[in-house]
Amino acid sequence: MAKHKISVTINGTAHEAEVESRLLLVHLIRENFRMTGTHIGCDTSHCGACTVILDGNPVKSCTVLAVQADGAKITTVEGLEQGGKLHPVQEGFTEKHGLQCGFCTPGMLMTTSALLERNKNPSEQEIREAIAGNLCRCTGYVNIVKAVQYAAEKMR
Amino acid sequence: MIPAAFDYHRPGTLEEAVKLLSSHGDQAKVLSGGMSLLPMLKLRLASFAHLVDIGRVPGLDYIKEEGGFLKIGAMTRQATLERSDLIRAKCPILADAVPLIADPLVRNRGTIGGNVANGDPGNDQPAIMLALGATLVARGPKGERSIAANQFYKGLYETALARNEILTEIRIPVPAARSGGAYAKLKRKTGDFAVAAAAVQLTLDAKGAIERVAIALTNAALTPVEASDAAKFLAGKMPDEKNIMEAAKMAAVKSSPSADRRGSVEYKKEMARVLTARALRKAVQRAGGK
């Protein structure tokens, strides 16, 4: 089985790796590049803990091959903070108590930051629909919605 | 979970992709969005020695109206369909269905071609293809051929596609005036397959009677089920409540689901009846009837 030489840009930094065909994007990020902010939850494409932004769209990185991401621009939770300043969604989750155990949080942050790129003023319904693929097992959705609304206001 | 080892190929053209499929035979599988295939490989429910990724083949991602057809490229992502004004205006049945498929993150990767060609009875778009009378265009070593959607589904994960053929385009006849379509789906939660779902596409005549109708069911058997008896019954009749209820009952009789954690056979058949009636009512309303 041949290995593949791939290059990806993660949070603005170019990375290269030689990977097996079957390596998953989430493992590339966590193990090859040692960025462990992206979590592995269900590992079956249900929970969204592994969500990263791939060429502008939030996707479940446990269900993308690393080779499929060759040449892509990826943002992980480590890339949200800019120059020591939290991203508005991070600030919102802090201010509005948008997390309890915190396991789903990196995925929630990626999905909701992508939502706010596309929709500056989402309704509660739109926020809830956007995070339908991200599960919070603490069931803290009420505060997650408030956190996103806080961020939306901040970004306007 | 990590899939069994395989070789990954990224052809730059369709010809190259078909050549790869031809040379690897049963050992090769087309990778489109990967939202069904990759979980199956990870769970080791399937394994292939070669994956042929058509994700970078140019010219497979489009939605356009041309010559009386809506033409959708096989690599068009579900999220792209979801945001398409053309789909919303011309094909409300698809606009109904797409937001009910998986979840928004999966729809950012999953493609209509994968959903249609996968051959899983739980996929939503196959029944819609039957209801719409779509034509599925495939490319193989001898060139292009067209397959009617009602000739496409052969069994569980078995379709009319040969091992070395790739679905490239979906052609949907642009619905005539006084047409309406609807998709009604019952699922337990986001991301789940349907307990039952019904796709209806119909055209009314000038008097408001049903001129033409097609009804198809999702997850009601090993392949999508076309309820042709119910459609025949409705043809020429007024779409009143009595006829709709009778047709829905006939459609449910055609469904032969199996019992699983989504419900018993009796429950699923009853839901097929209820959802067929709902889809019929909505389709009639959209066609401008009452």
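Residues numbered from 1 in each chain as written. Chains lettered and ligands numbered in written order. Predicted model: local features only at pLDDT ≥ 70, side-chain atom pairs only at ≥ 80, totals over all residues.

Here the focus is the overall build of chain B. The helix and strand inventory of chain B stands at 11 helices and 14 strands. Taking 290 residues into account, the globule formula puts the C-alpha radius of gyration at 19 Å, and chain B, at 19 Å, falls close to it. On the principal axes, the C-alpha backbone points of chain B span a range of 55 × 45 × 30 Å. Taking all 290 residues of chain B together, 54% fall into the buried category. (Helix = DSSP H or I, 4+ residues; strand = E, 2+ residues; numbered from the N terminus. Rg over C-alpha atoms; globule rule 2.2 N^0.38 Å. Buried ≥ 20, exposed ≤ 12 C-beta atoms within 10 Å, placed from the backbone.)

Our next topic: the domain arrangement of chain A. Residues and elements named next belong to chain A. What the domain assignment lists for chain A is domain 1 (4–79) and domain 2 (88–155). Here domain 1 and domain 2 have C-alpha centroids that lie 21 Å from each other. Each partner contributes residues to the interface: domain 1 has 15 residues there, and domain 2 has 11 residues. Elements with a contribution of two residues or more to the side of domain 1 that touches domain 2: β3 (51–54) and β4 (57–60). Among the elements that make up the side of domain 1 that touches domain 2, the one with the highest residue count is β3 (3 residues). Of the residues in the side of domain 1 that touches domain 2, the class split is 7 nonpolar, 8 polar and no charged. (Domains from an automatic or database assignment. Contact = placed C-beta atoms within 7 Å. Nonpolar A, V, L, I, M, F, W, Y, C, P; charged D, E, K, R; others polar.)

All names here are of chain A. Examined against the element boundaries, Lys-154 turns out to sit in helix α5 (residues 141–155). Once the C-alpha coordinates of Lys-154 and Glu-91 are considered, the two residues, 63 residues apart in sequence, prove to be 9.5 Å apart. Discounting residues that sit within four places of it in the chain, Lys-154 has contacts with Pro-88 and Glu-91.

Another point: the confidence of the model for chain B. Chain-level pLDDT for chain B is 97 on average; 100% of the residues reach the 70-or-more range. On the interface metric, ipTM, the complex scores 0.97, and its pTM is 0.96. (pLDDT = per-residue confidence, 0-100.)

This next bit is on helix α10 (residues 241–254) of chain B. All names here are of chain B. Taking 1.5 Å of rise per residue, 14 residues should cover 20 Å, and α10 covers 20 Å from first to last C-alpha, within 8% of that figure. Regarding α10, the residues found buried are Ile-244, Ala-247, Ala-248, Met-250, Ala-251, Ala-252 and Lys-254. Turning to α10, the residues buried within the fold contact β12 (196–204), β13 (210–218), β14 (225–226), α9 (228–234) and α11 (265–286). (Expected span 1.5 Å × (residues − 1).)

The next subject is the nonpolar core. If you look at the biggest cluster of nonpolar residues, it comprises 142 residues, and the most contacted ones within it are Ala-131, Ala-198, Val-200, Ile-215, Leu-217 and Ala-251 of chain B. If we ignore the near neighbours within four places in the chain, the residues touching Ala-131 of chain B are Ile-93, Gly-181, Ala-199, Val-200, Gln-201, Ala-214, Ile-215 and Ala-216 of chain B. (Core = buried A, V, L, I, M, F, W, Y, C linked by C-beta atoms within 7 Å.)

This part is about the interface of chain B and chain A. With 22 residues of chain B in contact, the opposing surface of chain A contributes 26 residues. Where the side of chain B that touches chain A is concerned, the elements lending two or more residues are β1 (7–9), α2 (37–42) and α6 (104–107) of chain B. Broken down by element, the residue count for the side of chain B that touches chain A peaks at 3 residues, all from α6 of chain B. Looking at the side of chain B that touches chain A residue by residue, the class counts come to 13 nonpolar, 5 polar and 4 charged.

For the rest of this paragraph, the subject is the domain arrangement of chain B. Structurally, chain B comprises domain 1 (7–51), domain 2 (63–173) and domain 3 (179–285). The straight-line distance from the C-alpha centre of domain 1 of chain B to that of domain 3 of chain B is 34 Å.

Quick look at unusual backbone geometry now. In the Ramachandran plot, Ser-45 of chain A falls in the positive-phi region, its phi being about 70° despite a non-glycine side chain. Relative to the assigned elements, Ser-45 of chain A resides in the loop between α1 (25–32) and β3. Under the C-beta neighbour-count criterion, Ser-45 of chain A is labelled buried, with 25 such atoms within 10 Å. In the Ramachandran plot, Asn-219 of chain B falls in the positive-phi region, its phi being about 55° despite a non-glycine side chain.

A word on the sheet that holds strand β3 (residues 50–53) of chain B. Residues and elements named next belong to chain B. In space, the 3 strands of this open sheet follow the order β1-β3-β2, with parallel pairing throughout. Pairing within the sheet leaves two strands with one partner each, and these edge strands are β1 and β2 (28–31). For this sheet, the mean angle separating the axes of adjacent strands, direction not counted, is 25°. (Pairing = 2+ DSSP bridges. Axes fitted to C-alpha atoms, helices over the stretch in contact; angles between N-to-C directions.)

What follows covers the sheet that holds strand β10 (residues 166–173) of chain B. Residue and element names in this part refer to chain B. Judged by pairing direction, the sheet is antiparallel, and its 5 strands sit side by side in the order β4-β5-β10-β6-β7 without closing on themselves. Each having just a single partner strand, β4 (63–66) and β7 (143–148) make up the two edges of the open sheet. Recorded for the sheet is a direction-independent mean angle of 25° between the axes of neighbouring strands. Note: strand β6 (residues 135–140) against β10, 5 bridges, orientation antiparallel. Bridge assignment links Arg-139 to a residue of β10, and that residue is Ile-166. Here helix α1 (residues 14–24) sits on the sheet and contacts β6 and β10; the angle it forms with β10, its principal contact strand, is near 125°.

To continue, consider helix α3 (residues 105–118) of chain A. An α-helical turn contains 3.6 residues, so any two residues separated by three or four positions project in the same direction. End to end, α3 of chain A covers 20 Å across 14 residues, agreeing with the expected 20 Å (1.5 Å per residue, within 8%). Those residues of α3 of chain A lying buried are Thr-105, Pro-106, Gly-107, Met-108, Leu-109, Met-110, Thr-111, Thr-112, Ser-113, Ala-114, Leu-115 and Leu-116 of chain A. Residues of α3 of chain A that are buried in the fold lie against β3, β4, α2 (88–95), α4 (124–130) and α5 of chain A together with α6 of chain B.

So, on to the packing of α10 of chain B against α11 of chain B. A packed helix pair is summarised by two numbers, namely the angle formed by the two axes and the spacing between the axes. Residue and element names in this part refer to chain B. Close contact between α10 and α11 brings their axes to 8 Å; oriented N to C, the two are set at 140°. With respect to α11, the axis of α10 lies oblique. Here α10 runs over α11; the crossing is right-handed. Only Lys-269, Ala-272, Arg-273, Thr-276, Ala-277, Leu-280 and Arg-281 of α11 make contact with α10, whose side of the interface consists of Ile-244, Met-245, Ala-247, Ala-248, Lys-249, Ala-251 and Ala-252. The residue inventory of the contact of α10 with α11, partitioned by class, reads 9 nonpolar, 1 polar and 4 charged. (Parallel < 35°, antiparallel > 145°, perpendicular 65-115°, else oblique. Left-handed = near helix turned anticlockwise from the far one by under 90°.)

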